[in-house]
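For reference, the chains in residue letters:
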Amino acid sequence: MAIGSINDSLGSAPGAERPLFSKRTNSLLGVQVVGCGSYVPERIVTNADLDSQYGCDANWIVQRTGILERRHADRDTATSDLCVRAAKRAMEQAGVDPTDIDLLVVGTFTPDFQCPSTACIVQDKLGLDCPAFDTVAACAGFMYSMVTAAQFVATGTSKLALVIGADCMSRIVNPADQKIFPLFGDGAGAVLLAKGEEHQGLVCYQLGSDGSGGPLLDRPVGGTRCPISPQDLHAGKHFLQMDGRNVFKWAVRMLADTVELVLDKSGLNVDDISLFLLHQANIRIIRAAADQLNIPDEKLFVNLDRYGNTSAGSIPLVLDEALQAGRIERGDNLLMCGFGAGLTWGTGVFRW
């Protein structure tokens with residue numbers, strides 16, 4: 001399969017004169033996951049609920065996305081609250097004390113506030129004594145955060161790092177948008193990273209970005225470029241906007257290309273991977289890429305039908321559920337890939 005670019009899929013996208021899919025990869029070994037935890041709000045929102053409340057076509061949602069239900073946070077719950085719940089479960093699972101954690105990285109693009117960072121709020125709520133910061137890479141946010149924290153652990157500047165991926169998507173999507181609103185849910189997942197054996201960690205990984213595709217998936221107002229106005233609020237421009245057709249085409253192509261690249265650079269093939277933990281955006285994206293790469297169904301772990309697209313929460317949620325289900329053992333090669341707004345992606349083979 002040829003390594004392509006967003007322009008191959010979208011034709012008239014900006015930046016056509018430069019390559020938009022780098023072949024650069026890296027390796028980061030000597031790191032292990034010592035604890036996992038996840039959390040989703042209690043409120044279940046089914047397709048039938050969306051049909052009755054907003055007129056969304058329940059059959060269309062299933063056929064086009066594979067989603068049956070998702071979780072929505074209540075009015076008093078923010079992204080930091082999801083993070084704290086997931087982090088506490090990870091700490092309990094690992095049997096570690098909050099005082100042992102010396103680094104916190106949170107991947108989110110739905111922060112509680114523009115300032116302070118969500119990570120600082122979580123640090124305070126957990127009573128941690130450590131630096132804390134956010135990474136903003138949308139649905140690739142967890143992969144960006146994990147790689148960042150793993151660098152600290154691998155170099156010895158962190159002994160125990162807490163990495164969280166979380167988004168409260170129900171707050172930034174427009175209920176009146178019947179094609180976007182049903183896709184997303186709220187959730188968080190967390191992992192604890194520590195020094196591991198020299199064979200453990202990221203055998204090969206790639207972090208990538210292509211800002212020329214930013215307008216395909218964005219929130220047009222609310223930043224320093226376009227401060228929000230009453231007119232923008234009335235027009236709903238503060239909500240997430242998405243060119244669904246072109247994002248779908250890009251995601252299928254990019255997912256297949258980056259997975260193939262990372263496998264090739266690591267000297268592995270599909271048979272060597274115990275489990276593929278792919279961003280739970282759309283079952284048709286996952287299936288299309290799996291067909292291109294000849295990934296058997298039994299190597300795909302899918303919870304999209306129950307949670308929808310939880311953005312940065314997606315990969316750590318599916319990781320924690322796979323671990324709880326007994327699908328992951330020490331020594332397994334796991335392939336994780338997140339992709340989304342930015343455009344951004346993060347893909348890695350993690351040897352457990």
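Analysis parameters
- Residues numbered from 1 in each chain as written.
- Predicted model: local features only at pLDDT ≥ 70, side-chain atom pairs only at ≥ 80, totals over all residues.
- Heavy atoms only, no water.
- Pairing = 2+ DSSP bridges.
- Helix = DSSP H or I, 4+ residues; strand = E, 2+ residues; numbered from the N terminus.
- Axes fitted to C-alpha atoms, helices over the stretch in contact; angles between N-to-C directions.
- Contact = heavy atoms within 4.5 Å.
- Phe/Tyr/Trp six-rings, centres within 6.5 Å; stacked < 30°, edge-to-face > 60°.
- Buried < 20%, exposed > 50% of the residue type's maximum accessible area, 1.4 Å probe, protein only.
- Lys NZ or Arg CZ within 6 Å of the ring centre and 35° of its normal.
- Core = buried A, V, L, I, M, F, W, Y, C linked by side-chain atoms within 4.5 Å.
- 1 Å grid on protein atoms, 1.4 Å probe; cavity = no way out; pocket = protein on both sides within 12 Å on 5 of 7 lines; lining within 4 Å.
- Points joined across faces, edges and corners; volume = space filled by probe spheres on them.
- Nonpolar A, V, L, I, M, F, W, Y, C, P; charged D, E, K, R; others polar.

### Some points on the sheet that holds strand β8 (residues 186-195)
The sheet built from five strands is open, its strands ordered β2-β8-β7-β5-β6 with mixed pairing. Of all the strands in the sheet, the pair left with one neighbour each is β2 (31-39) and β6 (132-135). Across the sheet, the mean angle from the axis of one strand to that of its neighbour is 20°, orientation sign disregarded. Running at roughly 140° to β6, helix α5 (residues 118-126) makes contact with β5 (103-107), β6 and β7 (161-168) of the sheet. Strands in contact with helix α6 (residues 141-154) are β2, β5, β6, β7 and β8; relative to β7, the strand with the most contacts, it is inclined by about 170°.

### What about the packing of aromatic side chains?
Taken as a whole, this structure holds four aromatic pairs when the rule is applied. For the pair Tyr54 and Phe181, a centre-to-centre distance of 5.3 Å together with 75° between the ring planes defines the contact as edge-to-face. Of this pair, Tyr54 sits in helix α2 (residues 47-54) while Phe181 is found in the loop between β7 and β8, placing the two residues 127 residues apart along the sequence. For Tyr54, a relative accessible area of 32% corresponds to the partly exposed category. Of note, Arg284 hangs over the ring of Phe248, and the distance from its end group to the ring centre comes to 4.4 Å.

### Some details on the pairing of strand β14 (residues 344-351)
Burial of β14 is extensive: seven of the eight residues sit out of reach of the surface. Inspection of the sheet shows strand β9 (residues 201-209) paired to β14 by eight bridges, in the antiparallel sense. Looking at the pairing, Gln206 lines up with Thr347 of β14. Two strands pair when backbone bridges link them, and strand β13 (residues 333-340) and β14 are joined in this way by eight bridges, in the antiparallel orientation.

### Topic: the nonpolar core
Core analysis: the largest hydrophobic core is formed by 52 residues, its most contacted members being Leu255, Phe276, Leu335 and Phe339. Breaking this core down by element, the ones donating at least two residues are β9, α8 (244-266), β12 (275-278), α9 (283-293), β13 and β14. The leading source of residues in this core is α8, at ten residues. Filtering out sequence-adjacent residues up to four positions away, Leu335 remains in contact with Val259, Leu263, Ile273, Leu275, Phe276, Leu277, Leu278, Thr347, Gly348 and Val349.

### Section: the layout of surface pockets
Empty space among the atoms becomes apparent when a probe as large as a water molecule is rolled across them. Taken as a whole, the largest pocket encloses approximately 750 Å³ of empty space. Forming the walls of the largest pocket are 30 residues, and the residues nearest its centre are Phe109, Pro111, Gln114, Arg219 and Val221. Residues belonging to the lining of the largest pocket are distributed by class as follows: 14 nonpolar, ten polar and six charged. Taken as a whole, the second largest pocket spans an internal volume of roughly 630 Å³. What lines the second largest pocket is a set of 30 residues, and nearest its centre among them are Leu183, Met242, Gly244, Phe248 and Asn282. Counting only elements with at least two residues in the lining of the second largest pocket, the list comes to α3 (58-65), α8, α9 and β13.

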